Amino acid sequence: MKKIILSLSFCLFTAFAFAQAAYTGQKFGEEVKPGDVKPAAKMEAAMGDKKTVDMKIEGKVVDVCKKKGCWMTLEMPNGDPMRVTFKDYAFFMPMDIVGKKVVLDGLAKKQTISVETLRHYAEDAKKSPEEVAKITDPKKEMAFEAKGVVILDK
């Protein structure tokens, strides 16, 4: 009997020792499990020459769609924010999270955005008609399609 109790105790100790704490904060979409999270600023380097990579990133929110929270942008070192969309539009972000840190699980992408889509994004961001009209060229950019998001409590 002592061996069984000792074995069970050892198993429980091992399970707790290797368990990782989950992220605390407001959660959207699929669960974001801890482990191997890269800063958004290092996402492109981590992708290498691949166009899409499944990964987890952490970053600071600089903007959110003003209509219904259907996209957000994260701060990037080059000054151009990175757009984050949500897989299958399955969830939306609160519109008051600018400045907050988030952890995302999903698909990092290198892509070219059409003029039409860029204008749509500008309209969603409540840009003036003059600003929207100035968009005349497609844009190569980094983007992220999140399947899960946690707005961190920090």
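Residues numbered from 1 in each chain as written. Predicted model: local features only at pLDDT ≥ 70, side-chain atom pairs only at ≥ 80, totals over all residues. Heavy atoms only, no water.

**Quick notes on the pairing of strand β7 (residues 139–152)**
- In terms of burial, β7 is largely enclosed, as 10 of its 14 residues are buried.
- One ladder, built from five bridges, connects strand β1 (residues 25–29) with β7; its direction is antiparallel. If you follow K27 over to β7, its bridge partner there is V150.
- Where strand β5 (residues 82–86) meets β7, four bridges bridge the pair, whose relative direction is parallel. Each bridged residue has a counterpart across the sheet, and for V84 the counterpart in β7 is F144. (Buried < 20%, exposed > 50% of the residue type's maximum accessible area, 1.4 Å probe, protein only. Helix = DSSP H or I, 4+ residues; strand = E, 2+ residues; numbered from the N terminus. Pairing = 2+ DSSP bridges.)

**Things to note about the side chain of D124**
- Relative to the assigned elements, D124 resides in helix α3 (residues 115–124).
- Judged by its relative accessible area of 3%, D124 falls in the buried class.
- Once you skip the residues sitting within four places of it in the chain, D124 turns out to touch C65, K66, K67, C70 and W71. (Contact = heavy atoms within 4.5 Å.)

**Some thoughts on the confidence of the model for the protein chain**
- Summary statistics for the protein chain give a mean pLDDT of 87 and a share of 86% for residues scoring 70 or more.
- For residues 5–20, every residue scores under 50 in pLDDT, and the model assigns this stretch two contacts once sequence neighbours within four places are set aside. (pLDDT = per-residue confidence, 0-100.)

**Describing the packing of aromatic side chains**
- A full pass over the atoms with the stated rule returns three aromatic pairs.
- Ring geometry for F86 versus F91: centroids 5.0 Å apart, planes at 45°, classification tilted.
- For F86, a relative accessible area of 2% corresponds to the buried category.
- Seen from their ring centres, Y89 and F92 are 6.4 Å apart, and the 40° between their planes marks the pair as tilted.
- Judged by its relative accessible area of 30%, F92 is partly exposed.
- Of note, R83 hangs over the ring of W71, and the distance from its end group to the ring centre comes to 4.2 Å. (Phe/Tyr/Trp six-rings, centres within 6.5 Å; stacked < 30°, edge-to-face > 60°. Lys NZ or Arg CZ within 6 Å of the ring centre and 35° of its normal.)

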